[in-house]
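# Geometric and topological summary
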Amino acid sequence: MKKTLGFVMAMPLVASMAFAQSGGASRASFNPNETVDLELLTHTELTQRINDGWTSVFVVTGGTEERGPHDVLGGHNILAKSHATMAAKKLGKTIVAPVLPFAVNATGLNASREMADQPGPIQLPADVFKQIQLAMIDSMARSGFKDIFLMGDHGGGQPQMKEAAEEMDKKWAPKGVHVYYVSDFYNKTHDDVDMYLYSHKLPIGGHGAMMETSEMLYLEPLPGMYVRPSYKTVPFDATGQTPEQWKAARDARDHGETPQRGGGAGRGRANDPNAPPRVNNGLTGDPHPSTKEIGKDLVDITVNNTVSEVKKLLAQTRGKTSQ
């Protein structure tokens, strides 16, 4: 039961409620002292936490978009909330704000991208997304948080999060509040995950492929809730890049020979005029070998990268403020 409840606490609020109402958590009482989820605290409970030194908060962006016939549309939200929750618990005295379930460049709604006819994605224009980030930061600062960390599970919106963090840090720093952009939550993590897949001779990259499918298999509280069984046989479009091509491109980038990744090297399909017709089902890359055991390893990569960067950012800021 304890393991099952741990998964429930990592789920988005709506999914947690649905699972509880179905009887999955009916035999246990909720203990607010064990949650880091702002949504599940009362006003007085949160006030007491802040007074007790819980002055760090994660402002996390997910996203709602297609990722094939097998992975649910809310995958980014599930992963963002789960990763942030685990990292917050590992850091201690850190709260997780409600996950923003809308993204910039959600696949399916941008007419300039492929698969523009796929239903399900919910997209925000970049300027609107940034304004929401600014408002969320303001809200957290006025609530009494002193260290506010922005991070996102979706490639779209990363530049706007960075801009918002930098602008609001300047605004709030005179009042003792600092705002940070946690790049490693997404960028370093995707590089590290791709290297893990390469090292284990597994398919690299893709959208709705090995990374998302394996992690959601690990996180789902009920079989088939986040990943349908069809993941083992679902047709997919190739990424257009072999593992060795990916490795060569990564090595070249690390030596400064190519630009830094922007949204995921090897995660899309190359424009090959000789490629077979697209399956066009919202999936790029091969999810067939996905397992929950692989998912645990990939979740750990994200959580550890996040914890390490947050500690580094805090040390840098506190070092400056103590001088």
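Numbering of residues starts from 1 in each chain and follows the order in which that chain's sequence is written. Per-residue local features of the predicted model are confined to residues with pLDDT of at least 70, and side-chain atom pairs are confined, for both listing and counting, to 80 or more; whole-chain, interface and lining totals are unaffected and use all residues. Side-chain metrics rest on all non-hydrogen atoms present in the structure, leaving aside hydrogens and water.

### Let's talk about the overall build of the protein chain
Assigned secondary structure in the protein chain consists of 10 helices and 4 strands. Exposed residues in this analysis have more than 50% of their type's maximum accessible area, buried residues have under 20%, and partly exposed residues fall in between, with area computed by a 1.4 Å probe over protein chains only. Residues counted as buried form 52% of the 323 residues belonging to the protein chain. Each accessible area value is a Shrake-Rupley result obtained with a 1.4 Å probe; residue values ignore everything except the protein chains displayed when judging cover. Of the roughly 15,000 Å² of accessible surface on the protein chain, 55% is carried by carbon and sulfur atoms. A run of H or I in DSSP counts as a helix once it spans at least four residues, and a run of E counts as a strand once it spans at least two, with each numbered from the N terminus.

### Some details on the pairing of strand β1 (residues 56–61)
Regular strands place side chains that alternate from one sheet face to the opposite one. In terms of burial, β1 is largely enclosed, as 6 of its 6 residues are buried. Along β1, one buried face is formed by Ser56, Phe58 and Val60 and the opposite face, lined by Val57, Val59 and Thr61, is buried too. Should DSSP find at least two bridges between two strands, the strands are regarded as paired. In the sheet, β1 pairs with strand β2 (residues 94–96) via 3 bridges, with the strands oriented parallel. Following the sheet pairing, Val57 is matched in β2 by Ile95. The crossover handedness rule: strands pointing away from the viewer, path from first strand over the helix to second strand clockwise, crossover right-handed. In the classification by handedness, the crossover that spans β1, the intervening helix α4 (residues 75–91) and the parallel β2 is right-handed. Sheet topology places β1 next to strand β3 (residues 147–152); 6 bridges connect them, and they run parallel. Residue Phe58 lies in a different strand from β3, and its bridge partner there is Phe149.

### Observations concerning the sheet that holds β3
Spatially, 4 strands are ordered β2-β1-β3-β4 in an open sheet, and the strand pairing comes out parallel. Two strands close off the open sheet at either side, each with one partner strand: β2 and β4 (178–181). Across this sheet, the average inter-strand angle for adjacent strands is 20°, counted without regard to direction. Against the sheet, helix α5 (residues 126–143) touches β1, β3 and β4, its axis set at about 160° to β1. Axis definition: a line fitted to C-alpha atoms, limited for helices to the stretch in contact. Angles are taken between N-to-C directions and run from 0 to 180 degrees. A contact between two residues is defined here by any heavy atoms of the two lying within 4.5 Å.

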